Amino acid sequence: MRRGADRGLAILPMYDRRELEPETDRLWRLLREAIRDRGIDAPEVLTRDKPLRLVWSAPELVFGQTCGLPYASALARRVGLIGTPAYAIDGVAPGEYRSALIVRADNPAADLGALAGARVAINARDSQSGYGALMHEVAPHVRGGQFFSEAMITGSHAASMEAVARGGADLAAIDGVTWALAERYDRIVSRLRVIAWSAPMPGLPYISGQRRHLPVLLAAAEAAIAALPAPTRDALLLTGIVHTRPETYDVIRTRLAAAHAVHRLPSPPH
């Protein structure tokens, strides 16, 4: 048998916590076999050792998952959309998610409007859940072109939660699935609270660099998710996959453009 590297790339990293690696690998094994059963080569193991942004746009990407903002802003022109996974989180329809806007548990603010002048932690500027959703939710409260007094880029949702919990930042936006898993596994959640939820938005899409195989890959994903043992589905919060189209994600660009017309993040200190 050829080594996995010869069969392309596959990533399911967006919620790939250490505690969930066995369940994530179980999902990939079922996906891999469903893809191969339909006559398409698929790698033996998931690609966990390459930068995500390189893998997302690689022609050899067989099956992967990306964030909605990179997809809507650039990747939709270069990769194919397989569909959107559905997760067992409250307040959204299948194929959607939302962000938890978090503050320290002892922060007295009653709502977002009371946080004018706050210091914000952003996991990345190309993150819909950590940046785009936050900018959209804050926009109605902006006065004078700026809401935040300071902004830091942390590199991850976990680091943003840590920054808020330790008092280095006052506010952050955390992907709703990430937040649900953090409530399950991370003690730091006890030092934080949700002050608001973002509007629902399209979930993190499954993508492929092999556009000609999209219908087959969708069928393989449907079969693999349906075949997951219930404890694995519950652990991953995964309930199914929704048929979506590239234009489903236009709302992400539209909302961010409207938010940018009202306010921007302050420049980082030099």
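Above this text sits the structure in question.
This structure is a prediction, so every number in the text was calculated from the model and none was measured.

Trainee: Honestly, the packing of helix α4 (residues 128-138) against helix α9 (residues 250-262) in this entry has me stumped. Any pointers?
Mentor: Working note: a packed helix pair is described by the angle between its axes plus the distance between those axes. Here α4 crosses α9 at 55°, and the two axes come no closer than 8 Å. One finds that α4 runs oblique with respect to α9. Seen from above, α4 lies across α9 with left-handed handedness. Facing Gln128, Tyr131, Gly132, Met135 and His136 of α4, the residues of α9 in contact are Ile252, Arg255, Leu256, Ala259 and His260. Within the contact of α4 with α9, the residues separate by chemical class into 5 nonpolar, 4 polar and 1 charged.

Trainee: Please explain the pattern of salt bridges as it appears in this structure.
Mentor: Any two side chains of opposite charge can pair if their charged atoms end up close together. Throughout the structure, instances matching the rule amount to 15 salt bridges. One salt bridge connects Asp170 with Arg119, and the closest N-O pair in it is separated by 2.8 Å. Of this pair, Asp170 sits in the loop between α5 (157-166) and β8 (171-175) while Arg119 sits in strand β6 (residues 119-122), and the two are 51 residues apart along the sequence. Residues Arg253 and Asp250 are paired through a salt bridge, measuring 3.0 Å at the closest nitrogen-oxygen approach. Note that Arg253 and Asp250 are positioned in helix α9 at a spacing of 3 residues, about one turn of the helix. Residue class for Arg253 comes out partly exposed when judged on its relative accessible area of 40%. Residue classification places Asp250 among the partly exposed positions, given a relative accessible area of 32%. Via salt bridges that share partners, Arg17, Arg18, Glu19 and Asp186 belong to a single interconnected network.

Trainee: Hey, could you run me through helix α1 (residues 21-37) in this one?
Mentor: A turn of α-helix holds 3.6 residues, and therefore any two residues three or four places apart point the same way. Across its 17 residues, α1 extends 24 Å between first and last C-alpha, which sits within 8% of the 24 Å expected from 1.5 Å per residue. For α1, the secondary structure elements touched by its buried residues are β1 (9-10), β2 (61-65), α7 (214-227), α8 (230-236) and β12 (238-242). One or two steps after α1, the chain reaches Gly39, where phi turns positive at roughly 85°.

Trainee: Sorry, what's going on with the sheet that holds strand β9 (residues 192-197) here?
Mentor: Adjacent strands of a sheet form backbone hydrogen bonds with each other and so pair up, either parallel or antiparallel. Spatially, the 5 strands line up as an open sheet ordered β7-β6-β8-β5-β9, and their pairing is mixed. The sheet is open, and its two edges are formed by β7 (150-153) and β9, each paired on a single side. The average angle at which neighbouring strand axes cross in this sheet is 30°, direction not considered. Where β6 meets β8, 2 bridges bridge the pair, whose relative direction is parallel. When the bridges of β8 are listed, Ala121 appears paired with Ala172. This element, α5, spans β5 (99-104), β6, β7, β8 and β9 of the sheet and lies at about 150° to β8.

Trainee: How should I be thinking about the environment of Met14 in this particular structure?
Mentor: Tracing the backbone shows Met14 in the loop between β1 and α1. For the pair Met14 and Val177, spaced 163 residues apart in sequence, the C-alpha to C-alpha distance is 9.8 Å. With residues near it in sequence (within four places) discarded, Met14 still touches Leu52, Trp56, Gln65, Thr66, Cys67 and Leu204.

Trainee: I tried to follow α4 on my own but got confused; where do I start?
Mentor: Of all 11 residues in α4, 10 are buried, a share of seventy percent or more. Of all the residues in α4, the buried ones are Gln128, Ser129, Gly130, Tyr131, Gly132, Ala133, Leu134, Met135, Glu137 and Val138.

Thresholds applied
Here the residue index of a chain counts from 1 through its sequence in written order. Restriction of local features to residues with pLDDT of at least 70 applies here, the model being predicted, together with a cutoff of 80 or more for giving and counting side-chain atom pairs; totals for whole chains, interfaces and linings are based on all residues. In computing side-chain properties, one takes all heavy atoms of the structure into account and sets aside hydrogens as well as water. What counts as an axis is a line fitted to C-alpha atoms, over the stretch in contact for a helix, and the angles between N-to-C directions run from 0 to 180 degrees. The helix and strand labels rest on DSSP assignments: H or I over at least four residues marks a helix, E over at least two residues marks a strand, and numbering proceeds from the N terminus. Here the word oblique covers every angle except those under 35 degrees (roughly parallel), over 145 (roughly antiparallel) and from 65 to 115 (roughly perpendicular). Left-handed describes a crossing whose near helix is turned anticlockwise from the far helix by less than a right angle; the clockwise case is right-handed. Any pair of residues with heavy atoms lying within 4.5 Å of one another is described as a contacting pair. Under the convention adopted here, Pro, Cys and the residues Ala, Val, Leu, Ile, Met, Phe, Trp and Tyr are nonpolar, Asp, Glu, Lys and Arg are charged, and Gly plus all remaining residues are polar. Within this document, salt bridges are pairs made up of a side-chain nitrogen of Lys or Arg and a carboxyl oxygen of Asp or Glu, the two lying within 4 Å of each other. Categorising residues by exposure relies on relative accessible area from a 1.4 Å probe, with only protein chains included: less than 20% of the type maximum marks a residue as buried, more than 50% marks it as exposed, and the intermediate range marks it as partly exposed. Every helix has an expected span of 1.5 Å times one less than the residues it contains. Any two strands with at least two DSSP bridges between them are considered paired.

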